[in-house]
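Residue-level listing of the chains:
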Amino acid sequence: AQLKNERPSLINSDQTILICFLYSLFSNLLYIILYMLIKCIYLNQYRSINHRVDARSLCLYRWYYSRTCQWSLGLTITVVLLLAFVERPTSLSVSSDPRYRTLTWEPPCGVTESIEMVCLIIFCLDLAVKSYLIGWDEFRKGKWLIGYTMVISVSIIDWVLSVSMVCDEKLRVRRLLRPFFLLQNSSLMKKTLKCIKRTLPEIASVILLLALHLCLFTMIGMLLFAKTEDSEKNGEWRLHFRNLTTSLTSLLVLLTTANNPDVMIPAYSLNRAYAIFFVAFSVIGTYCLMNLLTAIIYNQFRGYLLMSVQTSIIRRRLGIRAAFQVLSCLGDIVISVEQHHFICMCSFQHPPLPQYNSPILQRLQVIFSHYYLNIFGNAVALVNVICICTVLVLNSEKSTAERDNNILEVMNLCFILFYLFEMCMKVFAFGWRGYLSYRNNIFDGLVTILLLVTSLCYTLLLCFPGPSYHGAVSLWEMVRLVNMLIVFRFLRIIPDIKLMALVASTLLDLVKNLRAFAGILVVVYYVFAVFGIWLFEGAIKPPPGIRYGNITSNFTMECGTYEQLQYWPNNFDDFAAAIILLYDVMIVNNWQAFMDAYSRYTTEWAKVYFVCWWLTSSVMWVNLFVALILENFIYKWDRSHSCSVTDVERIRYETTVQLMFKGQIQEPTEEELLCQLHQHPHLHLQ
């Protein structure tokens, strides 16, 4: 219109029309490219836009957040965390049991230290790039970056001290600080940690109520089971209520049901009315207060995580708004930006079926591509598993040499031939691309090929017998491998049962999308394992013997103790063993045996360590994980409850934290976006 008013003669010019067309095309391409760039940088990662925006800094920003650079940084973090397994005390031994553990290889001084210094240099470069991109003003506001600087500095100082002492230092402080590198590298992990910190007051209120409940029943128990003149009636006092510490410990363990009903048997044997005390304690503490704690964690943590997701959504909208604002300022083009978030759910299309000219082949294609073929294959797999189970039951009392595996192998061979036939027919019906477009077919095909290869190897061993029977791979081991693969193949029925498919997909989503929570659990395990090694390394000695020397006076074979239960491999003598011991305590089955043993071999204060780990892992983290499983499952149930089995298979979305709270997220207004946009430290808009 402007050209027509000012220079009408140019309207008919092909050159002018071409220039206008190219200008319009270039502008639209520029918008598309910029949008895709912003999508790659901000939309998928929800990162902040408060960084330098000049050309040089943007190139550095794109390089830093490239897949190669981020994978390299992740690999560095993994390496520095894994150093704890090879550092002294090393975990490079077959067994952690001190009765069977031999002298292990210790890395020479300087080997692990050199690897660690390379990692620290990479972390210094990472800190330098981050600091440059956001500027000094933003750096001073970032608590995580300041902490990053302090952790690197302390680690380098401790490294220098370690090298100067020829790796003979008692404590390595930097080992305790290594999990920080994992935390600061994940934005979602930071948000999760922040949410946990904000949830702690609500958790502390319930824990305080639990402590009050525990103290009240401890005093009542000490009054009920006081020492009397009749020694035969002092069993409960002698075992569980001798003093305040023993009474608290006994009832605390009862709160986890680990020592039930052992703790009440002495008193219950004398008078059945004493059971009222223990039942009341368990009902109030275990079934009321502990479940109340789960409900509070679920409710409060979900609310705080929603606030965190809301902040991430604002960052995403702000990134889009800033991109178009820059274009508007540069090109004097007014752009109307839609503030609602559009999610493109691209439906996955399977490749078309191959075309056959023969009517017979077409009819066979319809038969072998039908859904009922999968049902028939599942029925055959079920019959195969039943046959294996029957043979195993019949041979359960026989040794390996007495078993006759020929019948089982003949049956397995028949089933394997059917599986191979089924795979070939599906390839014929769908084509290679169509066959591989189904995840179930990929699973079935891989297992079928492994079964075929294993059966051929078994046949070769059977036809050409030799010393390999007693070597690395024997006939019986081949039979077990074939049977395990067949049982594993039976898992193909999971996608065909709606509720089972829903549960399985929930577990897969937990693995894929809840990595931040698993990362924090790794950090907690790491810190407690390091503390455990510092406090209890070599505290418990093995039983007396020729090779082990004298045993301490704390040794006892009383039923239910650490020694009587043969828990020797569970110790804090190296990092790997400490991890397994902490896991055993988190399960809370017989965790009182570990607490009792280490309090006997060290001091009574050792109980504080185990109680803190129980509160952190079993009380808080397990309840938090249960709450997240409930949230994820409820979300998927609401999305898939009205779908058929085929619809569930066809759903291609992933449950992310953002999608879980999509219904509760509030979109930011235009005024809020502009207000934050004009506060950008490096972007000065008119």
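None of these values were measured; they are calculated from a predicted model.

Time to look at the overall build of the chain. The helix and strand tally for the chain stands at 26 helices and 0 strands. By residue count, 41% of the 686 residues in the chain fall in the buried class. Looking at the chain alone, contacts between residues at least 24 apart form 75% of all its contacts between residues at least 6 apart. When the accessible surface of the chain is totalled, it reaches about 38,800 Å², and 67% of it is carbon and sulfur.

What the rule picks out here adds up to 16 salt bridges. Here Glu116 ties to Arg174 by a salt bridge, and the two come within 2.8 Å at their closest N and O atoms. Placement of Glu116 in helix α5 (residues 111–141) and of Arg174 in helix α7 (residues 173–177) is noted, with a sequence separation of 58 residues between them. The shortest N-O distance in the salt bridge between Lys130 and Asp126 comes to 3.8 Å. Taken together, the positions of Lys130 and Asp126, both in helix α5 and 4 residues apart, correspond to about one turn of that helix. Assessed through its relative accessible area of 4%, Asp126 is described here as buried. One connected set of salt bridges, linked through shared partners, spans Glu87, Glu113, Glu116, Asp158, Glu169, Arg172, Arg174, Arg175 and Arg178.

This next bit is on the confidence of the model for the chain. Confidence in the prediction of the chain, expressed as mean pLDDT, is 77, and 71% of residues score 70 or more. Across residues 468–473 the pLDDT falls below 50, and counting only partners more than four positions away or on other chains, this stretch makes 9 contacts in the model.

On to the nonpolar core. Nonpolar side chains in soluble globular proteins tend to end up buried together. Counting 95 residues, the largest nonpolar core has Phe123, Phe181, Phe572, Trp591, Tyr598 and Phe610 as its most contacted members. Take this core: its biggest share by element is 12 residues, from helix α20 (residues 515–536). Split by domain, this core shows at least three residues from each of two domains, domain 1 (44–185) and domain 3 (510–652). Sequence-distant contacts of Phe181, that is, excluding residues within four places in its chain, are made with Ile77, Val80, Leu120, Phe123, Tyr148, Val151, Ile152 and Ser155.

Quick look at the state of the cysteines now. Inspection of every chain in the model, using the stated rule, returns 1 disulfide. Residue Cys109 pairs covalently with Cys167 via a disulfide, S to S 2.0 Å. Negative torsions about the S-S bond denote left-handed disulfides, and the value of about 70° found for Cys109 with Cys167 makes this one right-handed. Of this pair, Cys109 sits in the loop between α4 (67–86) and α5 while Cys167 sits in the loop between α6 (143–164) and α7, and the two are 58 residues apart along the sequence. Taking relative accessible area as the criterion, Cys109 reaches 38% and is therefore assigned partly exposed. On the basis of relative accessible area, Cys167 is assigned to the buried category, the value being 6%.

This next bit is on empty space enclosed by the protein. Within the structure shown, the criterion is met by 5 cavities of 30 Å³ or more. Of the voids in this model, the second largest cavity is the one considered here, and its volume is about 50 Å³. In terms of lining residues, the second largest cavity is bounded by Glu87, Arg88, Pro107, Pro108, Cys109, Thr112, Glu113, Cys167 and Arg172.

Right, let's get into the packing of helix α21 (residues 575–587) against helix α22 (residues 591–601). For the pair α21 and α22, the least separation of the axes is 8 Å and the interaxial angle reads 125°. Classified by the interaxial angle, the pair formed by α21 and α22 is oblique. Across the interface between the two elements, Leu581, Asp584 and Val585 of α21 pack against Trp591, Phe594 and Tyr598 of α22. Each residue belonging to the contact of α21 with α22 can be placed in one class, and the counts come to 5 nonpolar, no polar and 1 charged.

Right, let's get into the layout of surface pockets. Each pocket or cavity is described by its volume, and for the second largest pocket that value is around 950 Å³. In terms of lining residues, the second largest pocket is bounded by 29 residues, among which Leu239, His240, Glu558, Thr561 and Asp596 are the most central. The set of elements that each furnish at least two residues to the lining of the second largest pocket consists of α10 (235–240), α11 (244–255), α12 (265–270) and α22. When residues of the lining of the second largest pocket are assigned to their parent elements, the largest contribution, 6 residues, is made by α22.

Here we take up a nonpolar patch on the surface. Where nonpolar side chains cluster on the molecular surface, the patch consists of Leu216, Met219, Ile220 and Leu224 and spans about 350 Å² of accessible area. The residue Leu216 is located in helix α9 (residues 187–224) in this model.

We now examine the packing of aromatic side chains. What describes a pair of aromatic rings is the distance from one ring centre to the other and the angle between the planes of the rings. All chains considered together, the criterion is met by 39 aromatic pairs. Aromatic pair Phe536 and Phe572: ring centres 5.5 Å apart, planes at 40°, arrangement tilted. Of this pair, Phe536 sits in helix α20 while Phe572 is found in the loop between α20 and α21, placing the two residues 36 residues apart along the sequence. Accessibility expressed as a relative area gives 4% for Phe536, which makes it buried. Residues Tyr562 and Tyr567 carry aromatic rings whose centres are separated by 6.3 Å and whose planes lie at 85° to one another, so their mutual orientation is edge-to-face.

Time to look at the side chain of Arg99. Within the secondary structure, Arg99 is located in the loop between α4 and α5. Side chain to side chain, Arg99 and Asp97 meet in a polar contact 2.7 Å long. Here Gln566 takes part through its side chain, which lies 2.7 Å from a polar atom of the side chain of Arg99.

Okay, unusual backbone geometry next. Cis geometry marks the peptide bond from Arg88 to Pro89, where omega comes out at 0°. Mapped onto the elements, Pro89 comes out in the loop between α4 and α5. Cis peptide bonds are those with omega within 30 degrees of zero, and the linkage from Asn260 to Pro261 qualifies with 5°. Looking at the element boundaries, Pro261 is found in the loop between α11 and α12. A positive phi angle, close to 60°, is found at Gln566, a residue other than glycine. Along the polypeptide, Gln566 turns up in the loop between α20 and α21. Here the phi dihedral of Val588 falls at roughly 65°; this positive angle occurs in a residue that is not glycine. Within the secondary structure layout, Val588 lies in the loop between α21 and α22.

For the rest of this paragraph, the subject is the packing of α5 against α6. Interhelical geometry of α5 versus α6 gives an angle of 155° and a closest axis separation of 9 Å. Here α5 is positioned roughly antiparallel relative to α6, judged by the angle of their axes. Judged by the sense of rotation from one axis to the other, the crossing of α5 with α6 is left-handed. Partitioning the contact of α5 with α6 into residue classes produces 14 nonpolar, 3 polar and 7 charged.

Cut-off values and rules
- Residues numbered from 1 in each chain as written.
- Predicted model: local features only at pLDDT ≥ 70, side-chain atom pairs only at ≥ 80, totals over all residues.
- Heavy atoms only, no water.
- Helix = DSSP H or I, 4+ residues; strand = E, 2+ residues; numbered from the N terminus.
- Buried < 20%, exposed > 50% of the residue type's maximum accessible area, 1.4 Å probe, protein only.
- Contact = heavy atoms within 4.5 Å.
- Areas by Shrake-Rupley, 256 points an atom, 1.4 Å probe, with all protein chains shown as cover.
- Salt bridge = Lys/Arg side-chain N within 4 Å of Asp/Glu carboxyl O.
- pLDDT = per-residue confidence, 0-100.
- Core = buried A, V, L, I, M, F, W, Y, C linked by side-chain atoms within 4.5 Å.
- Domains from an automatic or database assignment.
- Disulfide = S-S within 2.5 Å.
- 1 Å grid on protein atoms, 1.4 Å probe; cavity = no way out; pocket = protein on both sides within 12 Å on 5 of 7 lines; lining within 4 Å.
- Points joined across faces, edges and corners; volume = space filled by probe spheres on them.
- Axes fitted to C-alpha atoms, helices over the stretch in contact; angles between N-to-C directions.
- Parallel < 35°, antiparallel > 145°, perpendicular 65-115°, else oblique.
- Nonpolar A, V, L, I, M, F, W, Y, C, P; charged D, E, K, R; others polar.
- Patch = residues over 30% accessible without salt bridge, like charges linked within 9 Å, V, L, I, M, F, W, Y side chains within 5 Å.
- Phe/Tyr/Trp six-rings, centres within 6.5 Å; stacked < 30°, edge-to-face > 60°.
- Polar contact = N/O pair within 3.5 Å; in protein donor to acceptor, adjacent residues only side chain to side chain.
- Left-handed = near helix turned anticlockwise from the far one by under 90°.

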